[in-house]
2 protein chains.
Amino acid sequence: MSDLLERLRGRGWRMTSQRRVVAEVLDGDHVHLTADEVHARAVQRLPEISRATVYNTLRELVTLDEVIEVSTDGRAKRYDPNAHHPHQHLVCSRCGTIRDVHPTGDPLAALPEEERFGFTMSEVEVTYRGLCPSCA
Amino acid sequence: MSDLLERLRGRGWRMTSQRRVVAEVLDGDHVHLTADEVHARAVQRLPEISRATVYNTLRELVTLDEVIEVSTDGRAKRYDPNAHHPHQHLVCSRCGTIRDVHPTGDPLAALPEEERFGFTMSEVEVTYRGLCPSCA
DNA sequence: ATCCTACGATGGACAGAGTCTAAGTCAAGA
DNA sequence: TCTTGACTTAGACTCTGTCCATCGTAGGAT
Ligand SMILES: [Mn+2]
Ligand SMILES: [Mn+2]
Ligand SMILES: [Zn+2]
Ligand SMILES: [Zn+2]
């Protein structure tokens, strides 16, 4: 994730300990933490970091296309650092676990012209739901 | 929508004026109202109906599979009476308009076995995003 | 190395969406 | 008509997220 820190510095970001810690917390695969989960983990490393700063930093990362915002339920949004490889999500209906998945083909192809109502299409979001092995 | 009222009566629902009004508000095609929008319209017909009752009734309709809950943004959930014909949604990124759409083929087919992580799949939700004719 | 200052961090108030509770009301069966 | 448990209500409360005024500091200028 230090690539991220480099890119951000390159974009003129002032590098603070708070931003560094948020970026570190978001490192890894299949990471889909809520803002409060990010805050909880950030506090482990930097006890005085505030909730507002975590929200601010996440919002900036989203604006910079470095993190994706995912809302799979009606609850808290989740923040996904895997922003550079397009993917979809597989969610366990019981425990809420989220995995990144890569469906084959172009999902847009399944929507016939006459079903597009004159819209200019830009993206498709797919959420697969089911029970994970532990919950089944 | 009086079919709905019949079905509900058959399921042992006590029929109150409040429930009747909520069901009436939800009648129609491409209806995707928020709870507060449902409440606002219900108040036109029955001024003393409370927000809590609207929420209660919507939750029951969802439990009975008579209405579908849709969350296309991170904002308020939308309530969709078109629960008996499976469909997906096309959303305008600018104004939020929602249309029902019917993609061809089985959306599950696009997810290869090795991408299912041992999940027992149950459903797929697809959200197509773009700009509607008025917003483009 | 020190100084400056605009940008960032902070806590707390605030807002939107939804749930819960205790008390009052009424649909519908006896 | 009476009775009663299911339904409705207002408002308090929770959860998620935003906003604001103030304070602090990263990093360029000297
Ligand atoms: Mn992801
Ligand atoms: Mn719909
Ligand atoms: Zn699970
Ligand atoms: Zn539009």
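Owing to the predicted nature of the structure, the values given are computational and were not obtained by experimental measurement.

The rules we used
- Residues numbered from 1 in each chain as written.
- Chains lettered and ligands numbered in written order.
- Predicted model: local features only at pLDDT ≥ 70, side-chain atom pairs only at ≥ 80, totals over all residues.
- Heavy atoms only, no water.
- Near = heavy atom within 4 Å.
- Polar contact = N/O pair within 3.5 Å; in protein donor to acceptor, adjacent residues only side chain to side chain.
- Domains from an automatic or database assignment.
- Contact = heavy atoms within 4.5 Å.
- Buried area = accessible area lost by both parts, 1.4 Å probe.
- Salt bridge = Lys/Arg side-chain N within 4 Å of Asp/Glu carboxyl O.
- Least-squares fit on C-alpha atoms with pLDDT ≥ 70 in both.
- Axes fitted to C-alpha atoms, helices over the stretch in contact; angles between N-to-C directions.
- Helix = DSSP H or I, 4+ residues; strand = E, 2+ residues; numbered from the N terminus.
- Parallel < 35°, antiparallel > 145°, perpendicular 65-115°, else oblique.
- Left-handed = near helix turned anticlockwise from the far one by under 90°.
- Nonpolar A, V, L, I, M, F, W, Y, C, P; charged D, E, K, R; others polar.

Draft legend 1. Here's a closer look at the protein's contact with DNA strand D. Near DNA strand D there are 18 residues, and of these Met15(A), Lys77(A), Arg14(B), Thr16(B) and Thr53(B) occur at the shortest range. Among all atoms of DNA strand D positioned within 4 Å of the protein, those belonging to sugar or phosphate total 72%. A distance of 2.6 Å separates a phosphate oxygen of DNA strand D from a polar side-chain atom of Thr16(B). Taking Ser50(B), its main chain carries an N or O atom lying 3.0 Å from a phosphate oxygen of DNA strand D.

Draft legend 2. Looking closely at the domain arrangement of chain A. Residue and element names in this part refer to chain A. By the assigned domains, chain A splits into domain 1 (4–80) and domain 2 (88–130). Just the C-alpha atoms count here: the centres of domain 1 and domain 2 sit 25 Å apart. Domain 1 puts 6 residues into the contact, and the matching count from domain 2 is 6 residues. Around 620 Å² of area is buried between domain 1 and domain 2 when both sides are counted, 52% of it from carbon and sulfur atoms. If you look at where domain 1 meets domain 2, you find 0 salt bridges. Where domain 1 touches domain 2, the interface holds 6 residue pairs in polar contact (both at pLDDT 80 or more).

Draft legend 3. A look at the relation of the copies chain B and chain A. Relative to chain A, chain B is turned by 179° and slid 0.1 Å along the rotation axis, the superposed coordinates differing by an RMSD of 0.2 Å. Such a combination of rotation and displacement between the chain copies is what one expects of a two-fold axis. Ranked by how close their C-alpha atoms come to the rotation axis, the residues of chain B are headed by Val126(B), at 2.3 Å. Both copies contact each other with a shared surface, as 100% of the interface residues of chain B are interface residues in chain A too.

Draft legend 4. Spotlight on the packing of helix α2 (residues 17–25) of chain B against helix α4 (residues 51–63) of chain B. Residue and element names in this part refer to chain B. At a closest axis distance of 10 Å, the pairing of α2 and α4 adopts a crossing angle of 65°. Considering their axes alone, α2 and α4 lie roughly perpendicular with respect to each other. Crossing of α2 against α4: the hand is right-handed. Counted together, Gln18, Arg19 and Val22 of α2 and Thr53, Val54, Thr57, Leu58, Glu60 and Leu61 of α4 form the full contact between these two elements. Of the residues contributing to the contact of α2 with α4, the split by class is 4 nonpolar, 3 polar and 2 charged.

Draft legend 5. Up close: the protein's contact with DNA strand C. Within the structure, DNA strand C sits among 18 residues, and Arg14(A), Thr16(A), Gln18(A), Thr53(A) and Lys77(B) are positioned closest to it. Of everything in DNA strand C that lies within 4 Å of the protein, sugar and phosphate atoms constitute 71%. A distance of 3.0 Å is found between a phosphate oxygen of DNA strand C and a backbone nitrogen or oxygen belonging to Ser50(A). Here a phosphate oxygen of DNA strand C sits 3.1 Å away from a polar atom, N or O, in the side chain of Tyr55(B). Those elements that place two or more of their residues in the surface near DNA strand C are α2 (17–25) and α4 (51–63) of chain A together with α4 of chain B. Class assignment of the residues belonging to the surface near DNA strand C gives a composition of 6 nonpolar, 5 polar and 7 charged.

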